[in-house]
Amino acid sequence: MAAWFTLMRHRWCDSRDTRRRIPDDMAERLSARIGASEARHTGQVRICVEAALPTDLLWRQGPRCTLAPLVRERALFWFGQLGVWDTEHNNGVLIYLLLAEQAIEFVADRALARHVPPEQWQAAVDHLRLHLQAGDFETGLTQALGEVSALLVAHFPAHAGQPSANELPNTIVRV
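Read on for a plain summary of the structure. Sequence order as written defines the numbering, with residues in each chain counted from 1. Local features in this predicted model are restricted to residues of pLDDT 70 or higher, and side-chain atom pairs are both shown and tallied only at a pLDDT of 80 or more, whereas totals for entire chains, interfaces and linings draw on every residue. Side-chain descriptors were evaluated using all non-hydrogen atoms of the structure, hydrogens and water having been removed beforehand.

Side note on the nonpolar core
Alright, step 1. Among the buried residues, those of types Ala, Val, Leu, Ile, Met, Phe, Trp, Tyr and Cys that are joined through side-chain atoms within 4.5 Å form a nonpolar core. Burial classification: accessible surface area is computed with a 1.4 Å probe over protein chains only, and a residue below 20% of its type maximum counts as buried, one above 50% as exposed, and the rest as partly exposed. Counting residues in hydrophobic clusters, the biggest one holds 31 residues, and the most contacted among them are I22, I95, F106 and L128.
Alright, step 2. Note on conventions: DSSP H or I runs of at least 4 residues are helices, E runs of at least 2 residues are strands, and numbering of each starts at the N terminus. For this core, the secondary-structure elements that each account for two or more residues are α3 (24-38), β1 (44-50), β2 (92-98), β3 (103-108), α6 (110-113), α7 (118-133) and α8 (137-155).
Alright, step 3. Among the elements that take part in this core, α8 stands out by supplying 7 residues, more than any other.
Alright, step 4. With 20 residues, the next largest nonpolar core counts L53, L67, V84 and A103 among its residues.

Structural data, given as structure tokens:
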């Protein structure tokens, strides 16, 4: 029965939900903040907000009690799909939200992941979750971007006098 409710919850959500939570004007402000962040370090940051998991993934999941492994798998899918893994310094970060499950994943490429312990990523997820639960997506995502930026500046600062290459689009992905 729980699997049926999960399936229905995911079928009920669609891209209109992502646009309601992240309207165009907010997406533009967040994109500008990503650009400002990337001027301070050599990393690349993407934000992806997905309404629901595809039905075929949910069917494959079966009656398992938790979708956490599937959410992580989906975040890794977007990490690859958006090319976050393919940056010059291997220090890209994806901030992924799955609205139907109210799930959050941060995926860091290998160079940054070596420097940041899982507890620090979990703290950033927890901070973001508090804002999302209150319905304040912009403040939450802005704070999350600030936390990711601080990590990137600490470990991969921009080189003085050299502009950082913008290897990936700064646009917010809403699906």
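Brief notes about α8
Alright, step 1. Here α8 contains 19 residues, and its C-alpha end-to-end distance of 27 Å stays within 8% of the 27 Å for a straight helix at 1.5 Å per residue.
Alright, step 2. Burial in α8 covers these residues: F137, E138, G140, L141, A144, L145, V148, S149, L151 and L152. Expected span, for any helix, means 1.5 Å times one less than how many residues it has.

Description of the pairing of β3
Alright, step 1. Across the 6 residues of β3, 5 count as buried, placing the element largely inside the fold.
Alright, step 2. Any two strands are treated as partners once DSSP identifies two or more bridges connecting them. Where β2 meets β3, 6 bridges bridge the pair, whose relative direction is antiparallel. Opposite L94, over in β3, you have V107 as the bridge partner.
Alright, step 3. Here β2 folds back onto β3, and the loop between the two strands holds 4 residues, one of which, Q102, carries a positive phi near 50°.

Quick word on the environment of S164
Alright, step 1. The topology assignment puts S164 in the loop between α8 and β4 (173-174).
Alright, step 2. Among the residues examined, S164 registers a relative accessible area of 27% and is labelled partly exposed.
Alright, step 3. The spacing of S164 and A39 is 125 residues in sequence and 5.8 Å in space, taken between C-alpha atoms.
Alright, step 4. Contacts are residue-level and defined by heavy atoms, with any inter-residue pair within 4.5 Å sufficient. The residues contacting S164, other than those within four sequence positions of it, are E38, A39, H41, T42 and A158.

What about the pattern of salt bridges?
Alright, step 1. For this analysis, a salt bridge means a side-chain nitrogen from Lys or Arg found within 4 Å of a carboxyl oxygen belonging to Asp or Glu. The final tally for this structure, using the stated rule, is 12 salt bridges.
Alright, step 2. We note a salt bridge from D14 to R16, for which the minimum N-O separation is 2.3 Å.
Alright, step 3. Judged by its relative accessible area of 57%, R16 is exposed.
Alright, step 4. In the salt-bridge network here, residues are joined through shared partners; they are D25, R29, R33 and E138.

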